[in-house]
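Listed below are the residues making up each chain.
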Amino acid sequence: MKLCKISVFHKQLPLKDPYWLSGGRLKFETLDATFVKLETDAGLVGWGEGTPWGHTYVPAHGPGIRAGLETLAAALLGLDPRQLETVERAMDKTLPGHLYVKQPVDMACWDILGQATDLSISDLLGGRRSTGTPAASSVSSGKPDYMMGIIESYRERGYVAHSAKVGGSDTSADIERIRHIETNRKPGEIILYDVNRAWTRREASLVMNAVADLGVTFEQPGETLDDIAQIRSVTTSPISVDESLVTLQDATRIARDGLADVFGIKLNRVGGLTKARRMRDVAIAHGIQMFIMATGGSVMADIEAAHLAQSIPDEFIQACWSCQDMLSVDIAPGRGARCEAGFITVDDSPGLGVAPDESLLGDPIAVYAV
Ligand code: MG
């Protein structure tokens, strides 16, 4: 089986509401999405989606995905998409780094492998758990009552997991936010306080030690792994790392040096499922739990993340973030697994289990073929 055609689509995915993170430092109103359609000489079609969370969040650039695909296309055409690691090596050799460019290609290859074997991606990843994965809300940073209002609106839809954005330079305001939300936390709820790298080492130490009695988990409380190592040494609260978890070497360093208790694995950032599953296995081998996320995007990106989340044993999964509810457009109406009653559960459809409605994507902006 050979790849014979690559079609690239560009779509803006507007957010229903403006979104603030990093203590209000960063604002997002729309996501720049790239959809990739891979076609094979056997007639199988696989879909991928690459949607960075804007271009100010981490080094990932929506237009860069399209530019990168132009560079990769010639090296991809003619390969067997079922040979995931051959495709991975070809991409890494042709375009070192730029993992966010490779993830939608990797995703479409998994989709094709699943269809070729009549197995879902989660079954290919080792087998689905019987339970669904709690979907995490994403709570934009703001005043304590504003944030509780968002959490309450998600609770009404069954959500039990929440990622609350903190990380302002006003440390007393962050302490107030965290204490207010914890006072209103319901039994069994999972709440992660996501700093998104906004704190200096001093600010992290001040806030985390001021609320150490609560035992809450902080995500990415510093900019780099060196910062997090230092913060770890002067605090006791559990730590999750996501923006600094990019490569397998990051994962092994975090595990070996005990820098974090939770991996936040974002598929677009780490380059797709082929690379993410190795991080999953490092986490399980070291007693590290996981949050699984696409980074952003439509129901397709959510489902890719859900397949990985569904392959993780219950004791190691915290939640899987779902972005689809935050968008004002749906490129696959009525298709694919949806977030229901706060849980996301993939079915046993072969491959990804969802394809976009192509009429909603418009014409491809580029087509590469042999
Ligand atoms: Mg995060």
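Everything numeric in this text was worked out from a predicted model, so none of it was measured. (Residues numbered from 1 in each chain as written. Predicted model: local features only at pLDDT ≥ 70, side-chain atom pairs only at ≥ 80, totals over all residues. Heavy atoms only, no water.)

K.L.:
How should the coordination of the magnesium ion be read in this particular structure?
P.N.:
Ideal values differ by geometry: the angle at a metal is 109.5 degrees with four tetrahedral donors, but 90 or 180 degrees with six octahedral donors. With distances of 2.1 to 2.2 Å, the protein atoms coordinating the magnesium ion are Asp 194 (OD), Glu 219 (OE) and Asp 242 (OD). Accessibility expressed as a relative area gives 1% for Glu 219, which makes it buried. (Donors = N, O, S within 2.8 Å, 3.2 Å for Na, K, Ca; no water. Buried < 20%, exposed > 50% of the residue type's maximum accessible area, 1.4 Å probe, protein only.)

K.L.:
When you look at the packing of aromatic side chains in this model, what are you seeing that I'm missing?
P.N.:
Two aromatic rings, taken as a pair, are described by how far apart their centres are and by the angle between their planes. Tallied over the entire structure, the rule returns 6 aromatic pairs. Summarising the aromatic geometry, the rings of Trp 199 and Phe 218 are spaced 5.8 Å apart at their centres and angled 50 degrees between planes, so their arrangement reads as tilted. Here the residue Trp 199 occupies a position in the loop between β6 (190-194) and α7 (201-210), and Phe 218 occupies one in strand β7 (residues 217-219), the gap between them amounting to 19 residues. A residue is classified by how much of its surface remains accessible, and Trp 199, at 4% relative accessible area, is buried. Look at Phe 218 and you get buried, because its relative accessible area is 0%. Aromatic rings pair up to connect Phe 28, Trp 53 and Trp 321 into one cluster. In this structure, Arg 157 is placed above the aromatic ring of Tyr 154, and the distance from its NZ or CZ to the ring centre is 4.5 Å. (Phe/Tyr/Trp six-rings, centres within 6.5 Å; stacked < 30°, edge-to-face > 60°. Helix = DSSP H or I, 4+ residues; strand = E, 2+ residues; numbered from the N terminus. Lys NZ or Arg CZ within 6 Å of the ring centre and 35° of its normal.)

K.L.:
Any chance you could explain the nonpolar core here in plain terms?
P.N.:
The nonpolar side chains of a soluble globular protein tend to be buried, and buried together. Counting 123 residues, the largest nonpolar core has Trp 53, Phe 263 and Ile 265 as its most contacted members. Top contributing element to this core by residue count: helix α3 (residues 99-117), with 9 residues. For this core, the domains that each give at least three residues are domain 1 (3-119 + 358-369) and domain 2 (123-344). (Core = buried A, V, L, I, M, F, W, Y, C linked by side-chain atoms within 4.5 Å. Domains from an automatic or database assignment.)

K.L.:
Sorry, what's going on with the environment of Ile 239 here?
P.N.:
Turning to its location among the elements, Ile 239 is positioned in strand β8 (residues 239-241). Put simply, Ile 239 and Val 262 are 23 residues apart on the chain and 6.5 Å apart in space, counted from C-alpha to C-alpha. If we ignore the near neighbours within four places in the chain, the residues touching Ile 239 are Met 208, Thr 217, Phe 218, Pro 221, Ile 228, Ile 231, Arg 232, Leu 259, Ala 260, Asp 261 and Val 262. (Contact = heavy atoms within 4.5 Å.)

K.L.:
Even after reading the chapter, I still don't get the packing of α3 against helix α11 (residues 273-285), so can you show me in this structure?
P.N.:
For any two helices packed against each other, one specifies the crossing angle of their axes together with the interaxial distance. Between α3 and α11, the shortest axis-to-axis distance is 8 Å and the interhelical angle comes to 95 degrees. By the criterion of interaxial angle, the relationship of α3 to α11 is roughly perpendicular. Seen from α3, the contacting residues are Leu 99, Asp 106 and Trp 110; seen from α11, they are Leu 273, Thr 274, Lys 275 and Arg 277. Along the lines of polarity and charge, the residues of the contact of α3 with α11 split into 3 nonpolar, 1 polar and 3 charged. (Axes fitted to C-alpha atoms, helices over the stretch in contact; angles between N-to-C directions. Parallel < 35°, antiparallel > 145°, perpendicular 65-115°, else oblique. Nonpolar A, V, L, I, M, F, W, Y, C, P; charged D, E, K, R; others polar.)

K.L.:
Sorry, what's going on with the pattern of salt bridges here?
P.N.:
Side-chain pairs of opposite charge can arise where the charged atoms are in close proximity. For the coordinates displayed, the defined rule picks out 30 salt bridges. Between Glu 152 and Arg 155 there is a salt bridge; the shortest N-O distance is 3.0 Å. Separated by 3 residues within a single helix, Glu 152 and Arg 155 lie in helix α5 (residues 144-155), roughly one turn from each other. Taking relative accessible area as the criterion, Glu 152 reaches 32% and is therefore assigned partly exposed. (Salt bridge = Lys/Arg side-chain N within 4 Å of Asp/Glu carboxyl O.)

K.L.:
Just checking my understanding: could you explain the domain arrangement of the protein for this structure?
P.N.:
One frequent convention defines the size of an interface as the accessible area lost when the parts assemble. Taken domain by domain, the protein comprises domain 1 (3-119 + 358-369) and domain 2 (123-344). A straight line from the C-alpha centre of domain 1 to that of domain 2 covers 23 Å. Summing both sides of the interface, domain 1 and domain 2 together bury roughly 3,600 Å²; the carbon and sulfur share of this comes to 61%. Run the count over domain 1 and domain 2 and you get 5 salt bridges. For the pair domain 1 and domain 2, the number of links is 19 residue pairs in polar contact (both at pLDDT 80 or more). (Buried area = accessible area lost by both parts, 1.4 Å probe. Polar contact = N/O pair within 3.5 Å; in protein donor to acceptor, adjacent residues only side chain to side chain.)

K.L.:
Where do I start with the packing of helix α1 (residues 62-76) against α3 in this structure?
P.N.:
Packing of α1 against α3 leaves a shortest axis separation of 9 Å and a crossing angle of 60 degrees. Relative to α3, α1 is oriented oblique. Crossing handedness for the pair α1 and α3: right-handed. Here Gly 64, Ile 65, Gly 68, Leu 69, Leu 72 and Leu 76 of α1 lie close against α3, whose contacting residues are Tyr 100, Val 101, Lys 102, Pro 104 and Val 105. Residue composition of the contact of α1 with α3, grouped by class: 8 nonpolar, 2 polar and 1 charged. (Left-handed = near helix turned anticlockwise from the far one by under 90°.)

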